[in-house]
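A closer look at the structure
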Amino acid sequence: STNNHYPRNVVKKNQMIFEALLKFLLGGILLVFIFFALGLGLIRIWLEPQIENVLTDPEKINRLLPSIVVEKNIKVEINTVKIDWSKWLSPTLVLEGIEVNRNENLRLLTLNKLKSVIGLKSFVKFWQKIPITNDIDIDEATFYIQKKQTNELNRMLLASIPLILTKADNEKKYLYFS
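Residues numbered from 1 in each chain as written. Predicted model: local features only at pLDDT ≥ 70, side-chain atom pairs only at ≥ 80, totals over all residues. Heavy atoms only, no water.

Comments concerning the overall build of the protein chain
Within the protein chain one finds five helices and seven strands. Listing every helix and strand of the protein chain by position from the N terminus yields α-α-α-β-β-β-α-β-β-β-α-β. Counting over 178 residues, the protein chain shows a buried share of 21%. Intrachain contacts of the protein chain at a sequence separation of at least 6 include 45% that bridge at least 24 residues. In the form shown here, the protein chain has an accessible surface area of approximately 13900 Å², with 59% of it arising from carbon and sulfur atoms. (Helix = DSSP H or I, 4+ residues; strand = E, 2+ residues; numbered from the N terminus. Buried < 20%, exposed > 50% of the residue type's maximum accessible area, 1.4 Å probe, protein only. Contact = heavy atoms within 4.5 Å. Areas by Shrake-Rupley, 256 points an atom, 1.4 Å probe, with all protein chains shown as cover.)

Okay, here's the thing in structure tokens:
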């Protein structure tokens, strides 16, 4: 008689191997979730205060600026730093009261509020001193321009964009645009 069934001991052995592989796979998946949760907790508990500490300390933030900015004696100060976790896995960095000054007494730029979504790419770019150019929202930027000279038509250029000045603006030493 021909019997197409496997012997009972072979089936039981295969079942035990399958169960062991399934337990190993499920245990690995559980371990990945545990490490992910621990990593996220570590970021929120340890890294968040470190970022806030660095960004609110003028000396520390100015050490992170590109060399051209340091050579021009440009300083950056940030009043308030918050990390908003309302999007859960994509935290938002919120900077308020940003001032960019040159030579301690010449204000160049103020930003009321700047928001940026933080991701792994953002961290890598920040530590490599590469500008972060995506997912940035700026609320009320004010540029301060020191007037040195104008031509007869009372024009100045800001980033190659001509600014038409009134007679009152032409008499001022500093101009600001918001």
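Some details on a nonpolar patch on the surface
Together, Phe18, Leu22, Leu25, Leu26, Ile29 and Phe33 make up an exposed nonpolar region whose accessible area comes to about 630 Å². With respect to the helices, strands and loops of the structure, Phe18 is situated in helix 1 (residues 8-56). (Patch = residues over 30% accessible without salt bridge, like charges linked within 9 Å, V, L, I, M, F, W, Y side chains within 5 Å. Salt bridge = Lys/Arg side-chain N within 4 Å of Asp/Glu carboxyl O.)

Some points on helix 1
In this model, helix 1 (49 residues) spans 71 Å end to end at C-alpha, consistent with the 72 Å of a helix rising 1.5 Å per residue. Those residues of helix 1 that sit buried are Leu40, Glu48, Ile51, Val54 and Leu55. Buried residues along helix 1 sit in contact with helix 2 (58-63), strand 1 (74-84), strand 2 (92-102) and helix 4 (120-127). (Expected span 1.5 Å × (residues − 1).)

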